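Take a look at the letters that make up each chain.
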Amino acid sequence: MSVLIENVYVAPVAGPEIESGYIRIEGDRIAELGAGPAPAVPGASRIDGTGCLATPGLVNTHHHLYQWASQGLAQDATLFEWLVALYRVWAAMDAEVVKGAAQAGLSWLALSGCTTSSDHHYVFPKGRGDLLAAEIEAAREVGLRFHPARGSMDRGESKGGLPPDVVVEELDDILAATAEAVDAYHDPSFSSMLRVVVAPCSPFSASAELMTESAALARAKGVRLHTHLAETLDEDEHCLREFGLRPVDYMEKLGWLGPDVWFAHAVHLSDADIGKLVATGTGSAHCPSSNGRLGAGIARVSELLRRGANVGLGVDGNASSELTPLAGEMRQALLFQRARYGPEALTARQALELATLGGARNLGREGELGSLEPGKLADLALWRVDGPYTAAVADPVCALVFGPVPPLARVLVGGRTVVADGELKTVAQDAAGRAGAAAHRRLMRLAEERGITAAKEVHQDHGDART
Ligand SMILES: [Zn+2]
């Protein structure tokens, strides 16, 4: 099957931009791109890209899809207050909640130009169905490439951790379930639609043993490692108090620095911490809206990039980022860096690279994804930048990053249309949204049945969450 996208501005991220050119797709790969009119390809289906900007599909490298069901709660809380308020609500979730939340969350990602998403799922209450299978099913329906990270927590309150014991699992159960998930779902092939990641939740909810055993498991299976790190100053204090080390030093001690690891957030880094990430090839997922919402701080992204570290973008869960579209995180990243370091801190093109190639590197897929190059997978977004208002911006990459997110003419995953003219083509768009709202209602009801009154615990200001 051949597809030709014609008359389009191409920002390939790797290589020079093309003001008016074409992209030829054969099967699930990019065959060719060039300037000028498209070549004659008998039988090819043609997409007119007039007025559009073609970029690689965006790659989301940190998310918690289930949190679609718990948006808008603990609105003025710090991270630790917010977690303490929400852990008991999340403990009530079941596979139906996760399925509906993932249908809405993944659809929302596709509608902001995302073609590959990771998801960090770390709450597995007993007897609530197969939560990982539920989100994998949703990803297959929506048609995005999916990198589910089998998360875990084993360090509950009784062991000095932050989460209540009711949401943590036993170490042996976690390792068995994680190995099973890799064996059942992980596909290492070039065109893979699904790769599993091993992902204990954080230093304040996972034991040192879980961290080291998880790293050994991931490396034995040849899959990647992910966790939250250095998100807030509270975490810094917790690590110093409990382990006598700051977060990056603690991860180094546990064998958790390396080219197969990426951390979510990495906000509070010292110069020496940045040096360690660079030296070991450890990546990070910058989640600016979530960091802003929770008042966590501003990550040192421009310094990380200048020193050669890899950084991708993440929306983070919808309970802290709310409805932030992935494309909007490019703008948020640019504004945060400039607010902190000045107007040259991050360019529009660097922001686009974070959202594409940076993300692909975090997932270990820079050979297949993240840029428009012959031989890579045909995952791309066509942004309509000729609208009556946006047409006043001559530079389409500037229009995409500096301004509000432009409408999508098309999103292709492996050459397959997922979005056309702003509408999902793989699933019924309104039904996917309604599934997310139903998941929210169901989670609130399940929580109330267990005596957790979400309205009392988390609708009010942070005074309620502080205990
Ligand atoms: Zn997170």
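Everything in this summary refers to the structure shown in the same document. In this numbering scheme, every chain counts its residues from 1 along its sequence in written order. Residue-level local features of this predicted model are given only where pLDDT is at least 70; pairs of side-chain atoms are given and counted only at 80 or more, and the full residue set underlies all totals for whole chains, interfaces and linings. Hydrogen atoms and water are omitted, and side-chain values are computed over all heavy atoms in the structure.

**Digging into the overall build of the protein**
The line we're drawing: Under the DSSP-based scheme used, a helix requires at least four consecutive residues in state H or I and a strand at least two consecutive residues in state E, with every element numbered from the N terminus. For the radius of gyration, the atoms used are the C-alpha atoms, and the globule rule reads 2.2 Å times the number of residues raised to 0.38. Burial classification: accessible surface area is computed with a 1.4 Å probe over protein chains only, and a residue below 20% of its type maximum counts as buried, one above 50% as exposed, and the rest as partly exposed. Throughout, a residue-residue contact means that at least one pair of heavy atoms, one from each residue, lies within 4.5 Å. For accessible areas, the Shrake-Rupley method is used with a probe of radius 1.4 Å. Any residue's cover is judged against the shown protein chains and nothing else.
In terms of regular secondary structure, the protein is built from 16 helices and 17 strands. In terms of C-alpha radius of gyration, the protein reaches 21 Å, essentially the compact-globule figure of 23 Å for 467 residues. With the C-alpha coordinates of the protein rotated into their principal frame, the extents come out at 70 × 45 × 45 Å. Scored against the burial criterion, the 467 residues of the protein give a buried share of 61%. Looking at the protein alone, contacts between residues at least 24 apart form 74% of all its contacts between residues at least 6 apart. Summing over all exposed atoms, the protein offers an accessible surface of approximately 16500 Å²; the carbon and sulfur share of this is 52%.

**Looking at the coordination of the zinc ion**
Definition in use: Coordination partners: N, O, S within 2.8 Å of the metal, 3.2 Å for Na, K and Ca; water not considered, so apparent gaps in a site are possible. By the criteria applied here, four donors are tetrahedral when all angles lie between 85 and 135 degrees, four are square planar and six octahedral when opposite donors are over 155 degrees apart and every other angle lies between 65 and 115, and any other arrangement is irregular.
For the zinc ion, the protein coordination sphere consists of His62 (NE2), His64 (NE2), His228 (NE2) and Asp316 (OD), at 2.0 to 2.5 Å. The coordination sphere of the zinc ion comprises four donor atoms, whose angles at the metal cover 86 to 178°; the geometry is irregular. One chain supplies every donor to the zinc ion, and in sequence these donors are spaced H-x1-H-x163-H-x87-D. Linking His64 in the loop between β6 (58-60) and α1 (79-90) with Asp316 in the loop between β13 (311-313) and α11 (318-321), this pair joins segments that are 252 residues apart in sequence.

**Describing the packing of aromatic side chains**
Keep this limit in mind: Paired rings are identified among Phe, Tyr and Trp, the last through its six-membered ring, by centres lying within 6.5 Å, and are further divided according to the angle between planes into stacked (under 30 degrees), edge-to-face (over 60) and tilted (the rest). By definition, being over a ring means that NZ of Lys or CZ of Arg is both within 6 Å of the ring centre and within 35 degrees of the ring normal.
A full pass over the atoms with the stated rule returns eight aromatic pairs. Both rings, one in Trp68 and one in Trp108, keep their centres 6.4 Å apart while their planes meet at 65°; by these two values the pair is edge-to-face. Here the residue Trp68 occupies a position in the loop between β6 and α1, and Trp108 occupies one in helix α2 (residues 95-110), the gap between them amounting to 40 residues. A relative accessible area of 12% means that Trp68 is categorised as buried. Of the aromatic side chains, those joined through ring pairs into one cluster are Tyr66, Trp82, Tyr87, Trp90 and Tyr122. One cation-aromatic arrangement involves Arg150 over Phe124; the distance from NZ or CZ to the ring centre is 3.7 Å.

**With respect to the environment of Leu313**
Within the secondary structure layout, Leu313 lies in strand β13. Take Leu313: its relative accessible area is 0%, and that puts it in the buried class. Sequence separation between Leu313 and Leu257 is 56 residues; the distance between their C-alpha atoms is 19 Å. Sequence-distant contacts of Leu313, that is, excluding residues within four places in its chain, are made with Val59, Asn60, Thr61, His62, His286, Leu326, Glu329, Met330, Ala333, Leu354 and Ala355.

**Details of the packing of helix α4 (residues 171-185) against helix α5 (residues 208-221)**
Cut-off, in case you're wondering: Every axis in this analysis is a line fitted to C-alpha atoms, fitted for helices over the stretch in contact. Angles between the N-to-C directions lie between 0 and 180 degrees. Between 65 and 115 degrees an angle is taken as roughly perpendicular, under 35 as roughly parallel, over 145 as roughly antiparallel, and anywhere else as oblique. Here a crossing is called left-handed whenever its near helix is offset anticlockwise from the far helix by less than a right angle, and right-handed whenever the offset is clockwise. As a working rule, the residues Ala, Val, Leu, Ile, Met, Phe, Trp, Tyr, Cys and Pro are called nonpolar, Asp, Glu, Lys and Arg charged, and the rest polar, with Gly in that last group.
Look at α4 against α5: their axes get within 11 Å of each other, and the N-to-C directions meet at 20°. The angle between α4 and α5 places the two elements in the roughly parallel class. Handedness of the crossing formed by α4 with α5: right-handed. Contacts between α4 and α5 involve Leu171, Ile174, Leu175, Thr178, Ala179, Val182 and Asp183 from the former and Glu209, Leu210, Glu213, Ser214, Leu217 and Lys221 from the latter. Residue composition of the contact of α4 with α5, grouped by class: seven nonpolar, two polar and four charged.

**Topic: α1**
Stated precisely, the cut-off is as follows: Expected helix span is given by 1.5 Å per residue-to-residue step, counting one fewer step than there are residues.
Taking 1.5 Å per residue as the helical rise, α1 with its twelve residues ought to reach 16 Å, and the 15 Å between its terminal C-alpha atoms agrees with that figure. With ten of its twelve residues buried, α1 lies for the most part within the structure. Every buried residue belonging to α1 is among Leu79, Phe80, Glu81, Trp82, Leu83, Ala85, Leu86, Tyr87, Val89 and Trp90, and all of these are buried.

**A short note on the layout of surface pockets**
The cut-off we apply is this: Note on definitions: the grid is 1 Å and covers protein atoms alone; a cavity is a set of points where a 1.4 Å probe fits but cannot get out; a pocket is an open set with protein on both sides within 12 Å along at least five of seven lines; lining residues have an atom within 4 Å of a point. Grid points are joined across faces, edges and corners, and a volume is the space filled by probe spheres set on the points.
In this structure, the largest pocket spans a volume of roughly 400 Å³. Looking at the lining of the largest pocket, the elements with two or more residues in it are α3 (131-142) and α4. When residues of the lining of the largest pocket are assigned to their parent elements, the largest contribution, six residues, is made by α4.

**Describing the side chain of Ser371**
We count it as follows: As used in this structure description, the phrase polar contact means that two N or O atoms lie within 3.5 Å; if the pair is within protein, one of them must be able to donate a hydrogen and the other to accept it, and residues adjacent in sequence are counted only when both atoms belong to side chains.
Turning to its location among the elements, Ser371 is positioned in the loop between α13 (348-362) and β14 (380-384). Classification of Ser371 as buried rests on a relative accessible area of 2%. A polar atom in the side chain of Ser371 sits 2.5 Å from the side chain of Glu373. One polar contact links Ser371 to Lys376, side chain to side chain, over a distance of 2.6 Å. Apart from residues lying up to four places away in sequence, Ser371 is in contact with Pro12, Val13, Ala14, Ile30, Pro56, Leu357 and Lys376.

**With respect to the side chain of Ser302**
Considering the arrangement of structural elements, one finds Ser302 in helix α10 (residues 301-306). For Ser302, a relative accessible area of 8% puts it in the buried group.

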